[in-house]
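Chains, contacts and geometry: an overview
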Amino acid sequence: HSSMKQSEILNAIFSAFTAVLSRSFGDEAGRDLDGAGRMLVPLVDMLNHDSEEPNVSWKWHVGEGDEEKIKAGRGNVSVTTVKDVKKGEELYKCYGWGPAWDIATNYGFVPRLQKERWECSAIPLFPAVLDLAPDKIATPNQISKDETSLDLLLESNYGVLVKAVQAAVDAANEIEARQNSSGSGNKREDQTTDRPSQLDRLEVLSLFRPPPALTANDFPFARRQPCVVVGTKIGASDQITSSNQQYHREALKKVLPAYRAAASAIAQLRLNHKNGDSSSSIQASQMAMAAASLDKGTDWDEAALKLIRLGINDRIQTIKGDGKAASTWLAQSTTVRRLDEISLQHRQFRADMSSDIREAELNVLHTLYNELNTLA
């Protein structure tokens, strides 16, 4: 409309897009290529989410292999109760599993933790700044010239290492698969059959964080840090030390090969520095041997668990820093800027949702850190 401001038009477009994104349905096979096979279903889209104890499920009935019906959005959607429902009780369905940050992005809310649920956190794969000579005390001149440290928040430094870790984990998985198929390996017994399949693959994210103090003067801007996604079952806030110890141990076990490989890369970097040969490349084969626990000359499990512990502490400090920055931002919105009531409500909503996401991730981090202490 000609009388609408450009900002109002953009807000209307974003609102419509968000409504479709958060309320549309795909078919039961999960087909959603280029938007084909998605539909808006009045009434059904009013059902709220409960991943812990849903009382209904839904199903899209479309003819087997009938792609034309799927593209046209035809068919029937049925909602069926999965447990006894009392008169007047609200109906809840599960939107599908996802970590707090994923559900917040797609649906605009963070599910409240009632009893327990699967949740994720991101743990740094490498220290922000690697001390290449941990057994020596560097002089101020060496520190200023970066002669004894390596900035691993620069993609030019960490990019090749992350790719090497991913390749090492793939190689370790292949070795384990061959051992299991030949009967020479110890086949894993999955104790947590309800574990989301997404958590079984290695996923590395690059997340923004403040610059470390050592390099803040030279690069005073937010940096990206490679982090591994780790998932476990968390309990309510007063149950952080959950009795579901097998979930936490399995979570650590799933990511252990990646941190073994990272520890091997760090050891090689330090050895090259000690030998005065910093230009030497990292041996991918050694990283793969460490990831697969085939290198018995070093306790790579101990080195990996140490990296995880350092990463958890680092991530906790980053999240707490983000929380303080968000509080400052919200306070400035109410005291410095003159915003209308609706704008203030939107900012408060964003701040509250961000706080819920941070709380969920901190719950995972504290849970896993407590579990690490039991393994020490």
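Residues numbered from 1 in each chain as written. Predicted model: local features only at pLDDT ≥ 70, side-chain atom pairs only at ≥ 80, totals over all residues. Heavy atoms only, no water.

**A closer look at unusual backbone geometry**
One non-glycine residue with positive phi stands out, namely Leu43, at about 75 degrees. Summarising the element assignment, Leu43 is placed in the loop between strand E2 (39-40) and strand E3 (48-49). For Leu43, a relative accessible area of 64% gives the class exposed. Phi at Ser293 is positive, roughly 60 degrees, even though this residue is not glycine. For Ser293, the position within the fold is in the loop between helix H7 (284-291) and helix H8 (300-335). (Helix = DSSP H or I, 4+ residues; strand = E, 2+ residues; numbered from the N terminus. Buried < 20%, exposed > 50% of the residue type's maximum accessible area, 1.4 Å probe, protein only.)

**Details of the packing of helix H6 (residues 245-274) against helix H9 (residues 341-375)**
Interaxial distance between H6 and H9 falls to 10 Å at its minimum, and their mutual angle equals 90 degrees. The orientation of H6 with respect to H9, classified from their angle, is roughly perpendicular. Across the interface between the two elements, Gln245, His248, Arg249, Ala251 and Leu252 from H6 touch Thr367, Leu368, Glu371, Leu372, Thr374 and Leu375 from H9. Taken together, the residues of the contact of H6 with H9 sort by class into five nonpolar, four polar and two charged. (Axes fitted to C-alpha atoms, helices over the stretch in contact; angles between N-to-C directions. Parallel < 35°, antiparallel > 145°, perpendicular 65-115°, else oblique. Contact = heavy atoms within 4.5 Å. Nonpolar A, V, L, I, M, F, W, Y, C, P; charged D, E, K, R; others polar.)

**A few points about the packing of aromatic side chains**
Two aromatic rings, taken as a pair, are described by how far apart their centres are and by the angle between their planes. Scanning the entire structure with this criterion turns up four aromatic pairs. Judged by centre distance (6.2 Å) and plane angle (80 degrees), the ring pair of Tyr95 and Phe109 falls under edge-to-face. Separated by 14 residues along the polypeptide, Tyr95 in the loop between strand E6 (92-93) and helix H3 (100-107) and Phe109 in the loop between H3 and strand E7 (116-124) bring together distant segments of the chain. Overall, the relative accessible area of 23% leaves Tyr95 in the partly exposed class. Aromatic side chains Trp118 and Tyr247 sit 5.2 Å apart centroid to centroid with 90 degrees between the ring planes, which places their arrangement in the edge-to-face category. Residue Trp118 is located in strand E7, and its partner Tyr247 is located in helix H6; the two are separated by 129 residues in the primary sequence. Here Trp118 matches Tyr247 in class, with each residue buried. (Phe/Tyr/Trp six-rings, centres within 6.5 Å; stacked < 30°, edge-to-face > 60°.)

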